There are 2 protein chains.
Amino acid sequence: MPIYDAPTRDMQFLLHDCFDLQKYSNLPGFADATPDVIDAFLEESGKWHRDVLTPLNRVGDQEGCVRHDDGSVTTPTGFKDAYQQFCENGFGTIAMDPEYGGQGLPLALQYAVSEMTSASNQAFAMYPGLSGGAWRAIYQNGSDEQKQTYLPKMTTGEWTGTMNLTEPQCGTDLGLIRSKAVPQDDGTYKISGQKIWISAGEHDMSENIIHLVLARIEGAPDGIKGISLFIVPKFVLDADGNPGERNGVSCGGLEEKMGIHGNATCVMNYDEATGYLIGEENKGMRAMFVMMNEARLGVGMQGLAAAEVANQNAAAFARDRLQSRSLTGPKAPEQPADPIIVHPDVRRMLMDSRAFVEGARALTYWTAIHSDLADKAEDEGTRQKSDDYMALLTPIIKAYQTHKGFEATCDAMQVFGGSGYTEEWGMSQFLRDTKIAMIYEGTNGIQALDLVGRKLMADGGRYWQTFLKEVTEWCADNKGTSDVLDGYIGQIEATKGELQEAIQWLAANGMQNPNNAGAGSHDFLHLFGLVAMGYMWGMMTKTALEKAGGDDPYYDNKLITAQYFFSRLLPMSTTHLVRVKAGAEAMMALPAEAF
Amino acid sequence: MPIYDAPTRDMQFLLHDCFDLQKYSNLPGFADATPDVIDAFLEESGKWHRDVLTPLNRVGDQEGCVRHDDGSVTTPTGFKDAYQQFCENGFGTIAMDPEYGGQGLPLALQYAVSEMTSASNQAFAMYPGLSGGAWRAIYQNGSDEQKQTYLPKMTTGEWTGTMNLTEPQCGTDLGLIRSKAVPQDDGTYKISGQKIWISAGEHDMSENIIHLVLARIEGAPDGIKGISLFIVPKFVLDADGNPGERNGVSCGGLEEKMGIHGNATCVMNYDEATGYLIGEENKGMRAMFVMMNEARLGVGMQGLAAAEVANQNAAAFARDRLQSRSLTGPKAPEQPADPIIVHPDVRRMLMDSRAFVEGARALTYWTAIHSDLADKAEDEGTRQKSDDYMALLTPIIKAYQTHKGFEATCDAMQVFGGSGYTEEWGMSQFLRDTKIAMIYEGTNGIQALDLVGRKLMADGGRYWQTFLKEVTEWCADNKGTSDVLDGYIGQIEATKGELQEAIQWLAANGMQNPNNAGAGSHDFLHLFGLVAMGYMWGMMTKTALEKAGGDDPYYDNKLITAQYFFSRLLPMSTTHLVRVKAGAEAMMALPAEAF
């Protein structure tokens, strides 16, 4: 049975030592997030996720969800009860607005807790996860009445929410949506059409489900400029605001998937269901995109969560499994063989994952702090800068972290050898479950295109210029404090130089032939990811150097992992640059029928 | 339903144009392998695999194998009948010795056909695959009587074979084997113990199963020097050589695995089963290793086969699926959107796989030719050189190709977007099935250690020196014939230079601290793989240049893929070199309990 112990020590290092959340105590709610409060939260959450949610992970994989003939769906044994506890513990409402029942605490703390939920049970995590996305879509786009009507019950978890975008003929290209909305005299709409791959579309954990649905109002313009966003509750509310009559929406089937079996991935059929317009007509895509940034950050977090739990289990196995002797002589001569953690190639896989996870965790929390700054900072300049960061880093975090997170689960399986390939040890589930993170909320290819096509050149390149200026200044400010840090700063600057070279190449060649930008997008995103990770590892090294050498080996271990990152992970940037500059020619030359 | 069309055109290019099998017509059996014979074989085989074996792939995944209370095992619907046809068509006996009923044709042709079997149905392929391994172990190590007794029936497929190595406490480290063999007065042994993960250990497709079992004769030395190899038939043969009394071996359970569900992965219990020693006492590991080289080549082939079939399906989907417009303007203006094959990032994944598959196919067949030369060449120098190549390239082909093949199946899933993650489209099965190839027949980490620990320095470095000398000479011989080829030759030479630098670094630093060799082993193997792939792409480019520009677009397409390989895949070598030279320090520094 796989284990999971929340990495609270590493979370504390980031929230207290490295990013010092206390610095932001002037932001609304942040003053309440004292170190003691944060530590207590992390500890309680860590216990619950280890003891309650982790054991349900395999149950979810094996049982899956069951759709009954009446269209109702039963979740795996224990999920409903765990969801009740999750809600009572407030694990999903940490950063929600207190006006609607939330706790108003820093988003970075929510991310720490959400990381635990994803790591211990990804399929379960998606129920509150999607619900949080729907919450945010209503919060940011709904009328005051809509917010008052839906948000409090969604905050308590009594009602959950979903996002209904995809249709059989359109996933990425939402301009092709056919679901239609017919205006009624009372201001409501009748929604009809079929949506597919709707996570948590139907289940038995809440008394109502609030579907957010993209559809086309009759007569609307073609393409994405004719898409509107609607609230479609499973049960239409009665005059008292309680779930009343069943709406014309039902689950037509469950998708059979490679993983996340514990989550109900539904075909949803809308048949003249009553819907309520959110925001303006034909502005549905914009409303969706505002919400999507945070959802994508959350998916990027899932990548590191999967890597964390897979790596914990691989490390435990590697300490335990006896096989062959160390290349430098027996390390456990009293045993028939040494534990495989003495073998360099096993270490390689564990350290690759570790250096990725710790860097990605830093990047995710740091970006979460900027999300709060973008919303809540008093100073407009700070809000703008943080908003730029969010826009720039969101596709990078989503795609880079889910890609590397998936690779980490593959490596963890590899550490287990043949045992990893059996279902018994749980490594298969981690691999199978986390592959979806590379696909949903916009495939990683779409993220890369978002980065080079939109974010890079937006506002004359302001986003990346602001970000790289900060990195440049940080490097300059911290030079000369230690030889170790100086070496790393040199590497960060060199990698930043490669990134700038890539940007220049894209600017020069992407205009001339947009396929050049598309051809390099994947590698450009990974190159950018490495620069961002390098910056995080620079900051973490600085903090760890200040505290290392004492009784707590944590800081010394952090410095070893930093050394690993700079010597083995960051150098991949060079290959990414070569690939960006290879351009589109050979990639696009074959006729389609030659494949 | 996934499709598979055997890439016979590419196979013909390699066997006829590029490697010109006719050159070797002096080898026994090769004269029979005229181009017409080869083409007829490939065509017939292609049809059968497409029409009969491909449709059974999903059946195998969904039904799996069933073990009954009496220990018998039923294979998925259709497998038994397909196996009969497979045997009647002689698809597994192409290169076997005619003295025992084989066809005596070139091994490269067998590899082409085996690639089709793996690509269309990996779980099925393992039944004849393991049987072929057992066949070879008996052929190379058995007495004349043993060969006469077992091989003819294994050639016809009436009997199958298995390899029994792993036990619960030992996979990689076979020195820990506990299964014991007690000598009997009649010269036989009583074998007792438990073996796990025995592929095709029990099934309903053949009338007898010939188990090859590693066990320790009572009183034998500890470790691998006390391991012997035994034949243990499921049914002991009667006086006429027919299956008689049931032996003391039975299937105690089936493993629940991530993939290859159609193959029975058995726990095998030996309870005083009658066994016959093969070769000498305590020399079982050597006997096993001789056989293992070819088995590992075969597994490397599985990596490219999986990539081929996954990529075929991804390309078909990409031509068909309409989503968004090309970055350079609509390509299918009459449709609501363009087929996604117009998008560079989709192409990137298809071309990555294609460039890998075609290079790996060349490397596999080229090595298969050397395998025949090592066995059959008249000239001792040629035999020695080819034997060196086999020894050197086997771990590289096994690990590099299964690693890249797995990545190709992941990319193929990614091309499908959300559809790829459902079980309906079959991409999940390709990914799940092919992961095992990175693990079995020695994990890829073990292959890397075999390369740096054994093969690299064996005979004073003769293997790699001979190989690199050939590459150097080929580069020199072919310079100046065309600008395109000159450019590639320059790149091959540069990458060869990086490889030599890595070898020097390992020689200097691996002696001093063996962990330095282990720490770099994975990246060294991949660097070597790239040099070998570069050499293959050089040879293929040369051949294609001679034939390009005519009516057959095949050769022009080959040149485009070559350009892609040299501009985007080969440059990864630089990062591998940096990682090799990073050494073991940071990798090994953390105490085990810190993970």
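Residues numbered from 1 in each chain as written. Chains lettered and ligands numbered in written order. Predicted model: local features only at pLDDT ≥ 70, side-chain atom pairs only at ≥ 80, totals over all residues. Heavy atoms only, no water.

Overview of the overall build of chain A
At step 1: When its secondary structure is counted, chain A shows 19 helices and 11 strands.
At step 2: In terms of overall dimensions, chain A is globule-like: its C-alpha atoms have a radius of gyration of 24 Å, near the 25 Å expected for 595 residues.
At step 3: Dimensions of chain A, computed from C-alpha atoms along their principal axes, come out at roughly 80 × 60 × 60 Å.
At step 4: The long-range fraction of contacts in chain A, counting pairs at least 24 apart against all pairs at least 6 apart in sequence, stands at 72%.
At step 5: Of the roughly 20,100 Å² of accessible surface on chain A, a fraction of 48% belongs to carbon and sulfur atoms. (Helix = DSSP H or I, 4+ residues; strand = E, 2+ residues; numbered from the N terminus. Rg over C-alpha atoms; globule rule 2.2 N^0.38 Å. Contact = heavy atoms within 4.5 Å. Areas by Shrake-Rupley, 256 points an atom, 1.4 Å probe, with all protein chains shown as cover.)

Focus on the pattern of salt bridges
Residues and elements named next belong to chain A.
At step 1: Scanning all chains against the criterion turns up 71 salt bridges over all chains.
At step 2: When the shortest N-O distance is used, the salt bridge between Asp 51 and Arg 50 registers 2.8 Å.
At step 3: Its relative accessible area of 35% is what places Arg 50 among the partly exposed residues.
At step 4: Close ionic contact of Arg 432 with Glu 423 constitutes a salt bridge, the shortest N to O distance being 3.0 Å. The same class applies to Arg 432 and to Glu 423, which are both buried.
At step 5: Residues participating in the shared-partner salt-bridge network are Asp 10, Glu 115, Glu 308, Arg 354, Glu 358, Arg 361 and Lys 558. (Salt bridge = Lys/Arg side-chain N within 4 Å of Asp/Glu carboxyl O. Buried < 20%, exposed > 50% of the residue type's maximum accessible area, 1.4 Å probe, protein only.)

What to know about the relation of the copies chain B and chain A
Between the two copies of the chain lies a relationship made up of a rotation around an axis and a movement along it.
At step 1: Mapping chain B onto chain A leaves a residual RMSD of 0.0 Å; the transformation is a rotation of 180 degrees accompanied by 0.0 Å of translation along its axis. In the structure described here, the two chain copies are related by an operation that fits a two-fold rotation axis. Across chain B, the smallest distance between a C-alpha and the rotation axis is recorded for Thr 575 of chain B, namely 3.3 Å.
At step 2: Most of the interface of chain B is mirrored in chain A, where 100% of its interface residues are also at the interface. (Least-squares fit on C-alpha atoms with pLDDT ≥ 70 in both.)

Brief notes about the packing of helix H1 (residues 8–18) of chain A against helix H9 (residues 344–376) of chain A
Residues and elements named next belong to chain A.
At step 1: Running from amino to carboxyl end, H1 crosses H9 at an angle of 45 degrees, the nearest separation of the two axes being 10 Å. Comparing the axis directions of H1 and H9 gives the class oblique. In this structure, H1 crosses over H9, and the sense of that crossing is right-handed. Residues Asp 10, Met 11, Leu 14 and Leu 15 of H1 pack against Glu 358, Arg 361, Ala 362 and Tyr 365 of H9.
At step 2: Considering only residue class, the contact of H1 with H9 consists of 5 nonpolar, no polar and 3 charged. (Axes fitted to C-alpha atoms, helices over the stretch in contact; angles between N-to-C directions. Parallel < 35°, antiparallel > 145°, perpendicular 65-115°, else oblique. Left-handed = near helix turned anticlockwise from the far one by under 90°. Nonpolar A, V, L, I, M, F, W, Y, C, P; charged D, E, K, R; others polar.)

Focus: the UniProt feature "domain: Acyl-CoA dehydrogenase/oxidase C-terminal" (unreviewed entry) in chain A
At step 1: Look at the UniProt record and you will see "domain: Acyl-CoA dehydrogenase/oxidase C-terminal" (unreviewed entry) annotated at residues 282–451 of chain A.
At step 2: Taken end to end, residues 282–451 of chain A is 74% helix and 0% strand, and its first and last C-alpha atoms sit 25 Å apart. (UniProt positions renumbered as here; feature names shortened; annotations may be inferred.)

Brief notes about the pairing of strand E9 (residues 243–246) of chain B
Each regular strand displays side chains that alternate between the two surfaces of the sheet.
Residues and elements named next belong to chain B.
At step 1: Two elements, strand E8 (residues 235–237) and E9, share 2 bridges in a ladder whose sense is antiparallel. Its bridge partner lying in E9, Leu 237 is registered against Pro 243.
At step 2: Counting the residues in the hairpin turn of E8 and E9 gives 5 residues, including Gly 241, whose phi is positive at 85 degrees. (Pairing = 2+ DSSP bridges.)

Side note on the UniProt feature "domain: Acyl-CoA oxidase/dehydrogenase middle" (unreviewed entry) in chain A
At step 1: Look at the UniProt record and you will see "domain: Acyl-CoA oxidase/dehydrogenase middle" (unreviewed entry) annotated at residues 163–271 of chain A.
At step 2: Taken end to end, residues 163–271 of chain A has its terminal C-alpha atoms 17 Å apart, with 0% of it in helix and 50% in strand.

Describing unusual backbone geometry
Residues and elements named next belong to chain A.
At step 1: Positive phi outside glycine occurs at Ser 324, with the angle close to 65 degrees.
At step 2: Even without a glycine there, the phi angle at Glu 441 is positive, about 55 degrees.
At step 3: Mapped onto the secondary structure, Glu 441 falls in the loop between helix H12 (427–434) and helix H13 (444–455).
At step 4: Residue Glu 441 is classed as partly exposed on the basis of its relative accessible area of 25%.

Thoughts on the interface of chain B and chain A
At step 1: Residue-level contacts link 91 residues of chain B with 91 residues of chain A.
At step 2: Buried surface at the junction of chain B and chain A, summed over both partners, amounts to about 7,900 Å²; 61% is from carbon and sulfur atoms.
At step 3: Among the residues chain B hides against chain A, the three largest losses belong to Tyr 421, Arg 568 and Phe 595 of chain B. Together they make up 11% of the total.
At step 4: Taken together, the connections running from chain B to chain A amount to 2 salt bridges. (Buried area = accessible area lost by both parts, 1.4 Å probe.)

Quick notes on the packing of aromatic side chains
At step 1: With the rule as written, the count across this model stands at 58 aromatic pairs over all chains.
At step 2: In this arrangement the basic side chain of Lys 435 of chain B is found over the ring face of Phe 406 of chain B, its NZ or CZ atom lying 5.3 Å from the centre. (Phe/Tyr/Trp six-rings, centres within 6.5 Å; stacked < 30°, edge-to-face > 60°. Lys NZ or Arg CZ within 6 Å of the ring centre and 35° of its normal.)

Re helix H16 (residues 514–547) of chain A
Residue and element names in this part refer to chain A.
At step 1: Its 34 residues place the ends of H16 48 Å apart at the C-alpha level, agreeing with the 50 Å of an ideal helix rising 1.5 Å per residue.
At step 2: The principal kink in H16, of about 55 degrees, is found at Ser 521.
At step 3: Here H16 lies mainly inside the structure; 29 of its 34 residues are buried.
At step 4: Two residues or fewer after H16 comes Gly 549, characterised by a positive phi angle close to 85 degrees. (Expected span 1.5 Å × (residues − 1). Bend = angle between axes of the 7 residues up to and from the residue.)

Notes on helix H17 (residues 553–569) of chain A
Residues and elements named next belong to chain A.
At step 1: Taking 1.5 Å per residue as the helical rise, H17 with its 17 residues ought to reach 24 Å, and the 23 Å between its terminal C-alpha atoms agrees with that figure.
At step 2: The buried fraction of H17 amounts to 13 of the 17 residues, a majority that puts the element mostly inside the structure.
At step 3: Put simply, Asp 552 is the residue that caps the front of H17, since its side-chain oxygen is 2.9 Å from the backbone nitrogen of Tyr 554. (Polar contact = N/O pair within 3.5 Å; in protein donor to acceptor, adjacent residues only side chain to side chain.)

Considering empty space enclosed by the protein
Gaps left between atoms show up when a probe the size of a water molecule is rolled over them.
Residues and elements named next belong to chain B.
At step 1: Counting across every chain of the model gives 6 cavities of 30 Å³ or more.
At step 2: Each pocket or cavity is described by its volume, and for the largest cavity that value is around 110 Å³.
At step 3: For the largest cavity, the lining is made up of 14 residues, of which Ser 118, Gln 122, Ala 306, Asp 433 and Thr 434 are closest to its centre.
At step 4: Taken together, the elements giving at least two residues each to the lining of the largest cavity come down to helix H5 (107–120), helix H8 (284–320) and helix H12 (427–435).
At step 5: Of the residues forming the lining of the largest cavity, the biggest block, 4 residues, is contributed by H12. (1 Å grid on protein atoms, 1.4 Å probe; cavity = no way out; pocket = protein on both sides within 12 Å on 5 of 7 lines; lining within 4 Å. Points joined across faces, edges and corners; volume = space filled by probe spheres on them.)

A short note on the environment of Gly 187 of chain B
All names here are of chain B.
At step 1: With respect to the helices and strands, the residue Gly 187 is situated in the loop between strand E4 (180–183) and strand E5 (189–199).
At step 2: With relative accessibility at 52%, the residue Gly 187 sits in the exposed group.
At step 3: C-alpha of Gly 187 to C-alpha of Leu 277: the two residues are 90 residues apart in sequence and 8.7 Å apart in space.

A few points about the pairing of strand E6 (residues 208–217) of chain A
Residue and element names in this part refer to chain A.
At step 1: Where burial is concerned, most of E6 is hidden: 10 out of the 10 residues are buried.
At step 2: The pairing of strand E3 (residues 159–164) with E6 spans 6 bridges and is parallel. Residue Trp 159 lies in a different strand from E6, and its bridge partner there is Asn 208.
At step 3: When strand E4 (residues 180–183) meets E6, the two strands line up parallel, connected through 2 bridges. Bridge pairing links Ala 181 to Ile 217 in E6.

Quick look at the environment of Leu 468 of chain A
Residues and elements named next belong to chain A.
At step 1: Along the chain, Leu 468 turns up in helix H14 (residues 462–478).
At step 2: For the pair Leu 468 and Gly 497, spaced 29 residues apart in sequence, the C-alpha to C-alpha distance is 9.9 Å.
At step 3: Here Leu 468 is in contact with Lys 496, Leu 499, Gln 500 and Val 531, once residues within four sequence places are set aside.

Remarks on the nonpolar core
At step 1: Phe 467 and Phe 524 of chain A together with Phe 467 and Phe 524 of chain B are the most contacted members of the largest nonpolar core, which has 407 residues in total.
At step 2: Ranked by residue count, the leading element in this core is helix H8 (residues 284–320) of chain A, at 18 residues.
At step 3: Looking at which domains feed residues into this core, each of domain 1 (55–89 + 121–282) and domain 2 (450–588) of chain B gives three or more.
At step 4: When near neighbours in sequence (up to four residues on either side) are disregarded, Phe 467 of chain A contacts Trp 366, Tyr 389, Leu 392, Leu 393, Phe 528, Ala 532 and Tyr 535 of chain A. (Core = buried A, V, L, I, M, F, W, Y, C linked by side-chain atoms within 4.5 Å. Domains from an automatic or database assignment.)

Description of the state of the cysteines
At step 1: For the structure on display, the rule yields 0 disulfides over all chains.
At step 2: The structure places no disulfide on Cys 475 of chain A, whose sulfur is separated from the nearest cysteine sulfur, that of Cys 18 of chain A, by 14 Å.
At step 3: Judged by its relative accessible area of 0%, Cys 475 of chain A falls in the buried class.
At step 4: Of all cysteine sulfurs, the one in Cys 266 of chain B lies closest to Cys 170 of chain B, which takes part in no disulfide; the gap is 18 Å.
At step 5: Judged by relative accessible area, which is 0%, Cys 170 of chain B ranks as buried. (Disulfide = S-S within 2.5 Å.)

Some words on the packing of H16 of chain A against H17 of chain A
Residues and elements named next belong to chain A.
At step 1: Following both chains from N to C, one finds H16 and H17 inclined at 150 degrees, their axes separated by 9 Å at the closest point. With respect to H17, the element H16 is oriented roughly antiparallel. Like other packed secondary-structure pairs, H16 and H17 cross with a definite hand, here left-handed. Across the interface between the two elements, Leu 530, Met 533, Gly 534, Trp 537, Gly 538, Met 540, Thr 541, Ala 544, Leu 545 and Lys 547 from H16 touch Tyr 555, Lys 558, Leu 559, Thr 561, Ala 562, Phe 565, Phe 566 and Leu 569 from H17.
At step 2: For the contact of H16 with H17, the class distribution of residues is 12 nonpolar, 4 polar and 2 charged.

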